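Inside the fold
The lines below spell out each chain.
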Amino acid sequence: MFKRINKKMKGLFSSQRMKTLALMLLVGTTAAMAQNAAGDYSAGTTALTTVTEEIAKYVPIVVKLCYAIAGVVAIVGAISVYIAMNNEEQDVKKKIMMVVGACIFLIAAAQALPLFFGIGG
């Protein structure tokens, strides 16, 4: 008796259409179970709110750090440009533009950082 059932089941699942149907049923039930399990998002929302508040505390410190780094870049760049000018190097203009560009970028980043995180007005 079991041999007959086994033989019929093998014949039933040997067709490509039945294999596709079984796969679709499996995927459909798995998706339905996942959708039912993921109904409550309050824990994730609370965690994201907490992280946002913690990041907002560090933004003023990072802004001051950007200004400090811009100052250091300006001083080191000015010394480098001075040395290049005294040695009569060819790429003094390039060094000046690089230092000015780096300082402008750091200052602009420090100004944009609070706006990026929605802090300040």
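Residues numbered from 1 in each chain as written. Predicted model: local features only at pLDDT ≥ 70, side-chain atom pairs only at ≥ 80, totals over all residues. Heavy atoms only, no water.

A look at the overall build of the protein chain
Using the following cut-off: Elements are defined by DSSP. Helices are runs of H or I of four residues or more, strands are runs of E of two residues or more, and each kind is numbered from the N terminus. The contact criterion used is simple: two residues touch if any of their non-hydrogen atoms lie within 4.5 Å. The Shrake-Rupley method, run with a 1.4 Å probe sphere, supplies the accessible areas, and residue values consider only the shown protein chains as cover.
Helix and strand counts for the protein chain come out as four helices and zero strands. The order of helices and strands in the protein chain, counted from the N terminus, is α-α-α-α. The contacts in the protein chain between residues at least 6 apart in sequence include a share of 68% that link residues at least 24 apart. Surface accessibility of the protein chain: about 10,200 Å² in total, with carbon and sulfur atoms responsible for 71%.

Comments concerning the packing of helix α3 (residues 42–86) against helix α4 (residues 92–116)
So the rule is basically this: A fitted line through C-alpha atoms represents every axis, and for helices the fit uses only the stretch in contact; the resulting angles, taken between N-to-C directions, go from 0 to 180 degrees. Oblique is the label for any angle not under 35 degrees, not over 145, and not in the 65 to 115 range, which are roughly parallel, roughly antiparallel and roughly perpendicular in turn. All amino acids are sorted into three groups, where Ala, Val, Leu, Ile, Met, Phe, Trp, Tyr, Cys and Pro are nonpolar, Asp, Glu, Lys and Arg are charged, and the leftover types, Gly among them, are polar.
Close contact between α3 and α4 brings their axes to 9 Å; oriented N to C, the two are set at 175 degrees. As far as their axial angle goes, α4 and α3 are roughly antiparallel. Its residues placed into classes, the contact of α3 with α4 shows 22 nonpolar, three polar and one charged.

Describing the environment of Met 98
Tracing the backbone shows Met 98 in helix α4. Once the C-alpha coordinates of Met 98 and Gly 77 are considered, the two residues, 21 residues apart in sequence, prove to be 8.5 Å apart.

Focus on the environment of Pro 114
Structurally, the position occupied by Pro 114 is in helix α4. The sequence separation of Pro 114 and Val 63 amounts to 51 residues, and the corresponding C-alpha distance is 8.0 Å. For Pro 114, the contacting residues outside a window of four places in its chain are Val 59, Val 63 and Ile 119.

Description of the nonpolar core
The line we're drawing: What we call a nonpolar core is a set of buried Ala, Val, Leu, Ile, Met, Phe, Trp, Tyr and Cys residues that are connected through their side-chain atoms within 4.5 Å. Exposure categories follow from relative accessible area, calculated using a 1.4 Å probe and restricted to protein chains: below 20% of the type maximum is buried, above 50% is exposed, and the middle band is partly exposed.
Residues Val 59, Val 63, Cys 66, Ala 110 and Leu 113 constitute the largest nonpolar core, which totals five residues. Sorting the residues of this core by element identifies α3 and α4 as the ones contributing at least two each. Residues contacting Val 59, with those up to four places away along its chain left out, are Leu 113, Pro 114, Phe 117 and Ile 119.

Focus: the confidence of the model for the protein chain
Condition: For every residue, the predictor states its confidence as a pLDDT score lying anywhere from 0 to 100.
Confidence in the prediction for the protein chain averages 80 pLDDT; 66% of positions are at 70 or higher. Within the protein chain, the element-level pLDDT minimum falls on helix α1 (residues 2–12), averaging 60, and the maximum on α4, averaging 93.

Structural notes on α4
Definition in use: Here the expected span of a helix is defined as 1.5 Å times the quantity of residues minus one.
Its 25 residues give α4 an end-to-end C-alpha distance of 35 Å, which sits within 8% of 36 Å, the value for a rise of 1.5 Å per residue. Those residues of α4 that sit buried are Val 92, Val 99, Cys 103, Leu 106, Ala 110, Leu 113 and Pro 114. At its buried positions, α4 is contacted by α3.

Describing unusual backbone geometry
The residue Glu 88 is not glycine, and still its phi comes out positive at about 55 degrees. Relative to the helices and strands, Glu 88 resides in the loop between α3 and α4. With a relative accessible area of 67%, Glu 88 lands in the exposed category.

Re α3
How we decide: One axis fitted to the seven residues ending at a residue, another fitted to the seven starting there: the angle between these axes is the bend at that residue.
Taking 1.5 Å of rise per residue, the 45 residues of α3 would be expected to cover 66 Å, and the 64 Å separating its terminal C-alpha atoms lies within 8% of that figure. Remark: the principal bend of α3, roughly 30 degrees, maps to Val 59, with a proline, Pro 60, within the next four residues. Among the structural elements, α4 are those in contact with the buried residues of α3.

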